[in-house]
Amino acid sequence: MTRVVAEPGGTAFDCSKGDTILRAALRAGLGMPYACNVGSCGNCRFELLEGEVEHQRSDPPAWSERDLKRNRWLGCQALPKGACRIKFRADDAYVPAHPPARRQAELLSVTPLTHDISEFAFRIEGSDAFLPGQYALISVPGVDGARAYSMSNLPGEGLWRFQIKRLPGGAATGYLFDEAQTGAKVRLDGPYGTAYLRPESPRDILLLAGGSGLSPMVSIARGALAAGLLENRKLHFLYGCRSDQDLFDPDILGAELRAAAAFMPVLSEPGEGSAWQGRTGFLNDAARDIFGAALKTCEIYFAGPPAMSAAVQKMTFEAGVPAGQLHFDEFY
């Protein structure tokens, strides 16, 4: 264990070997700001006052030569090389409701949903508590580094389920889709994420999912139904994909949720000869055209590829949606 002292305030916490400062701080219940957990956003940047750290990645996108000169590091990448003292601005909004934990998990089943998305169910050790919309880091045998995937179910089963999209050439998804057999063991670390369901909000709910962003939106939809939120507000679920082969059977949502929510797929490239008669185009355009001024009255959750996320952010900004009503994670 390595002792880390956080300023201002002098709060001390322990960081286990191989753990990052961000994850150790969250395990200790500290509100260290973050978004991506993989070095891309820079929200977990801190100043190193004493001691020495090193980054897991040699070239995290959110870290620059200027940061190094100012002795600023990324919490999600920083491994302490001994006792150290750091400075960051803590925020109660990031104090985890369920502190993340590292645990072993066993693969129970794999259920295909589309030609390149399957749901992987893992039995986990310890508590299965998480907030709908959160994610975990999965480490698989023979692959360096963990990958972030969102849970699609709700806690209470002793399982975490992930709807994962095969990434061409991806080492982790290559293992999961091509090598992992029932009973295979992986390491899970979580829960993480701040784009979880806000049950206290009285607004209608709009979910926007693209590709592998399906998983957290399914969890949020299920969470809203289970919490009784759909008795006095509407839930709209838009799923964007490229062509017919990317569509999934909406029955996976369950009959009760299908009856309570308005679900609409949107295809960007149906292709010549497609029998598709539904809405076409990009997901952000569909949401803008369907909801218009009503976007400002919704609590909006979205997940998907970086281009889609950027387009949704631009669209909602132009529509005047308050930033506090947008919820998304950035762990691409």
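None of these values were measured; they are calculated from a predicted model.

Draft legend 1. Region of interest: the packing of helix α6 (residues 283-291) against helix α7 (residues 306-318). The N-to-C vectors of α6 and α7 enclose an angle of 25 degrees; their axes lie 8 Å apart at closest approach. When the axis of α6 is compared with that of α7, the two are roughly parallel. For the element pair α6 and α7, the recorded crossing hand is right-handed. On α7, the residues touching Leu-283, Asn-284, Ala-287 and Arg-288 of α6 are Met-308, Ala-311, Val-312 and Met-315. Residues belonging to the contact of α6 with α7 are distributed by class as follows: six nonpolar, one polar and one charged.

Draft legend 2. The packing of aromatic side chains, seen in detail. The final tally for this structure, using the stated rule, is 11 aromatic pairs. Between Tyr-34 and Tyr-192 the ring centres are 6.4 Å apart and the planes differ by 85 degrees, which places this aromatic pair in the edge-to-face class. Residue Tyr-34 is located in the loop between α1 (21-27) and β3 (45-50), and its partner Tyr-192 is located in strand β13 (residues 185-192); the two are separated by 158 residues in the primary sequence. With respect to burial, Tyr-34 and Tyr-192 carry one shared label: buried.

Draft legend 3. A look at the pattern of salt bridges. Tallied over the full model, the rule gives 18 salt bridges. Its salt-bridge partner being Asp-19, residue Arg-102 comes within 3.9 Å of it at the nearest N-O pair. Here the residue Arg-102 occupies a position in strand β8 (residues 101-112), and Asp-19 occupies one in the loop between β2 (11-15) and α1, the gap between them amounting to 83 residues. The closest approach of N and O atoms between Asp-67 and Arg-45, which form a salt bridge, is 3.2 Å. Taken together, the residues span a long stretch of sequence, with Asp-67 in helix α2 (residues 65-69) and Arg-45 in strand β3 at a distance of 22 residues. Residue classification places Asp-67 among the buried residues on the basis of a relative accessible area of 3%.

Reading the values: rules and limits
Residues numbered from 1 in each chain as written. Predicted model: local features only at pLDDT ≥ 70, side-chain atom pairs only at ≥ 80, totals over all residues. Heavy atoms only, no water. Axes fitted to C-alpha atoms, helices over the stretch in contact; angles between N-to-C directions. Helix = DSSP H or I, 4+ residues; strand = E, 2+ residues; numbered from the N terminus. Parallel < 35°, antiparallel > 145°, perpendicular 65-115°, else oblique. Left-handed = near helix turned anticlockwise from the far one by under 90°. Contact = heavy atoms within 4.5 Å. Nonpolar A, V, L, I, M, F, W, Y, C, P; charged D, E, K, R; others polar. Phe/Tyr/Trp six-rings, centres within 6.5 Å; stacked < 30°, edge-to-face > 60°. Buried < 20%, exposed > 50% of the residue type's maximum accessible area, 1.4 Å probe, protein only. Salt bridge = Lys/Arg side-chain N within 4 Å of Asp/Glu carboxyl O.

Fair warning: the whole summary comes from geometry, so function is off the table for now.
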